[in-house]
Amino acid sequence: MSDAAIAATKRFGEIVNTGALDAFPEVVAEGCVDNDPSPEQGSGPEGFKTFFTGMRAAFPDMKVEPQTMVSEGDKVAFAYTLTGTHQGDFLGVPATGKPIEIRGMQIGRFEDGKMVERWGSSDELGVLKQIGAAPV
């Protein structure tokens, strides 16, 4: 199971990095539960598409770079760095043109090569600080 889960995790990252968000059904199961969703995010591939459409509108050059990846059984955990340039609205903050770089972590549970459940955390406060929307 680990090889299929790792491959799906890597493909998820490619989808995010290229902006080919219609490809999420390749690696995300219908009804996939995100235990840490954004407020407007639904479930399954469409929920991830909604979330990353908003992120890519705010940070069109957004890239997620895995730093460490560990798999065990049906789960893959990885730490990543997210970079981008603030070129659109983010949480009500208009574009500043400022670069961001934050860290995050994600754990995905997989069945038949597709993510069925996700837990994760990104440094959202760090983004706000870097774009000047929160005190440093």
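The rules we used
- Residues numbered from 1 in each chain as written.
- Predicted model: local features only at pLDDT ≥ 70, side-chain atom pairs only at ≥ 80, totals over all residues.
- Heavy atoms only, no water.
- Pairing = 2+ DSSP bridges.
- Helix = DSSP H or I, 4+ residues; strand = E, 2+ residues; numbered from the N terminus.
- Axes fitted to C-alpha atoms, helices over the stretch in contact; angles between N-to-C directions.
- Contact = heavy atoms within 4.5 Å.
- Core = buried A, V, L, I, M, F, W, Y, C linked by side-chain atoms within 4.5 Å.
- Buried < 20%, exposed > 50% of the residue type's maximum accessible area, 1.4 Å probe, protein only.
- Expected span 1.5 Å × (residues − 1).
- Arc of directions from axis to C-beta.

S.K.: Before we move on, could you go through the sheet that holds strand β5 (residues 114-122) and cite the residues and values that matter?
M.R.: Read from one edge of the open sheet, 5 strands run β1-β5-β4-β3-β2, paired in mixed fashion. Taken across any chain shown, the strands that pair with only one partner, and hence form the sheet edges, are β1 (28-34) and β2 (63-72). Here the average twist between neighbouring strands, direction ignored, is 25°. Along the sheet, helix α1 (residues 2-18) makes contact with β1, β2, β3 (75-85), β4 (99-111) and β5, crossing β2 at roughly 170°. Of the strands in this sheet, β1, β3 and β5 are in contact with helix α2 (residues 44-58), which crosses β1 at around 70°.

S.K.: Give a description of the nonpolar core that names residues and reports values.
M.R.: F12, F24 and F52 are the most contacted members of the largest nonpolar core, which totals 32 residues. Put simply, the parts of the chain that give this core at least two residues each are α1, β1, α2, β3, β4 and α3 (124-130). Sequence-distant contacts of F12, defined by excluding residues within four places in its chain, comprise F24, V27, V28, F48, F52 and M115.

S.K.: Break down α2 for me, citing the residues and quoting the values.
M.R.: An ideal rise of 1.5 Å per residue puts 21 Å on 15 residues; α2 measures up with 22 Å between its terminal C-alpha atoms. Turning to α2, its buried residues are G44, P45, G47, F48, F52, M55, R56 and A58. Viewed end-on, α2 has its buried residues packed into an arc of 155°, placing them on one side of the element. On its buried face, α2 is in contact with α1, β1, β3 and β5.

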